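So you can see what is in the structure, the chains are spelled out below.
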Amino acid sequence: MTTPSEPGHHPSEPDPSAIVGERRQLINLAYRLLGSLAEAEDAVQETYTRWYAMPPERQQAVASPGAWLTTVATRVCLDLLGSARVRRERYVGEWIPEPLPDRAEWIGGPGGGHEEPTDPADWVTLDESVNMAFLVVLEAMTPAERVAFILHDVFRYPFPEVAEIVGRTPAACRQLATSARRRVRAAQAPTAPRAGQANLVRHFKEAWEARDIAALVGLLAPDATMTADGGGTVGAVLRPVVGADPIARYVVRIADLAPGLTLLERTVNGRPGLVAQRAGRTATVAAFEVDGGRITRIWAVRNPEKLRPWTEDGRRRAH
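Residue positions within a chain follow its written sequence, with the count starting from 1. The model is predicted, so local features are restricted to residues of pLDDT at least 70 and side-chain atom pairs to those at 80 or more, both for listing and for counting; the totals for chains, interfaces and linings are taken over all residues. As a convention, hydrogens and water are excluded, and side-chain values are obtained from all of the structure's heavy atoms.

**Student:** Which residues make up helix H7 (residues 143–154), and what are the values?
**Tutor:** Only DSSP runs of H or I with at least four residues qualify as helices, and only runs of E with at least two residues qualify as strands; both kinds are numbered from the N terminus onward. One fewer than the residue count of a helix, multiplied by 1.5 Å, yields its expected span. Its twelve residues place the ends of H7 16 Å apart at the C-alpha level, agreeing with the 16 Å of an ideal helix rising 1.5 Å per residue. Most of H7 is tucked away, with eleven of its twelve residues classed as buried. Of the positions making up H7, those classed as buried are Pro143, Ala144, Glu145, Arg146, Val147, Ala148, Phe149, Ile150, Leu151, His152 and Asp153. On its buried face, H7 sits against helix H2 (23–34), helix H5 (65–89), helix H6 (132–139), helix H8 (159–166) and helix H9 (170–187). Positive backbone phi, approximately 60 degrees, marks arginine 156, located one or two places after H7. Only protein chains enter the accessibility calculation, which uses a 1.4 Å probe; a residue is then buried when its area is under 20% of its type maximum, exposed when over 50%, and partly exposed in between. We call two residues in contact whenever any of their non-hydrogen atoms come within 4.5 Å of each other.

Here it is as structure tokens:
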């Protein structure tokens, strides 16, 4: 029994809806590889541009369009990772991966939560492979390590397929992934229960609002680190702040210098975090790492270019 083809669609041609349907997978892959939603969008757009630039006969010759798209997207990301290292060396202050919201927490979500999302931020699956601590560890890897590790350990591609995509031997890809895995184990704290992290973040919010330095110090590990990313466009400390007392005094000083801040408990990259708004506009998104019942790391993203998914205008913009 045969299935009628769509109008205007030759049975031997790749199904257009299937090609477009790969977009979610490609956005998820590219964001994890690049740590930037904007760069992930560019990589996926370039991938589709290359697909549609091929003549129909070449498209028909592709045995698996999904595998072709994944291979091209990965190679585009590899090129971007190489150039990103140069750009980030010139970046003003610390560079933090772009934070992502949980669209269910924003009023109704895009389309009231019933339509297919149009904002690329809503395509990213918020699992442990996108929490901020994990993405920061990925930033310390070489591009080849990052790609081999993400493809194999996160997306479960076997090493022979990883090798075809990145143009190395399976043995080399296995070594790259092993090296990356060691970095992750060495740098990451054990995953704290979500409820416990949410309580700590809530108490931090309350102590911040109360300008209670002693309470803030009690919530922070003695050697806690706070890193801010202003990108040179807004005020932010250029180097990490280390130590519970310096961090507590720094965040209280921020509150004093920016009266009218509203702190909201929000999910940041799949984990409990905070959003600071002023006059209804998102000014800061903070992600946290928790270990041993204390906050050990805070990443505060203030660069407006990285906060587009957290603004109404940015979330309404279709791509």
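**Student:** With reference to specific residues and values, describe the packing of H7 against H9.
**Tutor:** Axes here mean lines fitted to C-alpha atoms, for a helix over just the part in contact, with angles spanning 0 to 180 degrees between N-to-C directions. At a closest axis distance of 8 Å, the pairing of H7 and H9 adopts a crossing angle of 90 degrees. Classed by the angle they form, the pair H7 and H9 counts as roughly perpendicular. Here Ala144, Glu145, Ala148, Phe149, His152 and Asp153 of H7 lie close against H9, whose contacting residues are Cys173, Leu176, Ala177, Ser179, Ala180, Arg181, Arg183 and Val184. The classification used treats Ala, Val, Leu, Ile, Met, Phe, Trp, Tyr, Cys and Pro as nonpolar, Asp, Glu, Lys and Arg as charged, and all other residues, Gly among them, as polar. A class-by-class count of the residues in the contact of H7 with H9 yields eight nonpolar, two polar and four charged. An angle below 35 degrees is read as roughly parallel, one above 145 as roughly antiparallel, one from 65 to 115 as roughly perpendicular, and any other as oblique.

**Student:** Describe in detail the side chain of arginine 146, supporting the description with residues and values.
**Tutor:** Counting through the fold element by element, arginine 146 comes out in helix H7. In protein, a polar contact requires one atom able to donate a hydrogen and another able to accept it; more generally it is a pair of N or O atoms within 3.5 Å, and residues adjacent in sequence count only if both atoms are side-chain atoms. A polar side-chain atom of arginine 146 sits 3.3 Å from the main-chain carbonyl oxygen of arginine 32. The residues contacting arginine 146, other than those within four sequence positions of it, are Arg32, Leu33, Leu34, Gly35, Leu81, Leu138, Glu139 and Met141.

**Student:** Account for the nonpolar core, with residues named and values stated.
**Tutor:** Grouped together as the largest cluster of nonpolar side chains are 49 residues, with contacts concentrated most on Tyr31, Phe149, Ile150 and Leu151. Broken down by secondary-structure element, the contributors of at least two residues to this core are H2, helix H3 (37–53), H5, H6, H7, H8 and H9. Take this core: its biggest share by element is seven residues, from H2. The residues contacting isoleucine 150, other than those within four sequence positions of it, are Leu29, Arg32, Leu33, Phe134, Leu138 and Phe155. By size, the runner-up hydrophobic cluster in this structure holds 30 residues, among which are Val201, Ala228, Leu263 and Ala276. For the purposes of this section, nonpolar cores are sets of buried Ala, Val, Leu, Ile, Met, Phe, Trp, Tyr and Cys residues that join through side-chain atoms within 4.5 Å.

**Student:** Which residues make up the pattern of salt bridges, and what are the values?
**Tutor:** Salt bridges are defined by distance alone: a side-chain nitrogen of Lys or Arg within 4 Å of a carboxyl oxygen of Asp or Glu. What the rule picks out here adds up to twelve salt bridges. Measuring nitrogen to oxygen at the nearest pair gives 2.8 Å for the salt bridge that ties glutamate 139 to arginine 146. Here glutamate 145 and arginine 183 are joined by a salt bridge, their closest N and O atoms 3.1 Å apart. Here glutamate 145, found in helix H7, pairs with arginine 183, found in helix H9; they are 38 residues apart in sequence, far enough to count as distant. For glutamate 145, a relative accessible area of 6% corresponds to the buried category.

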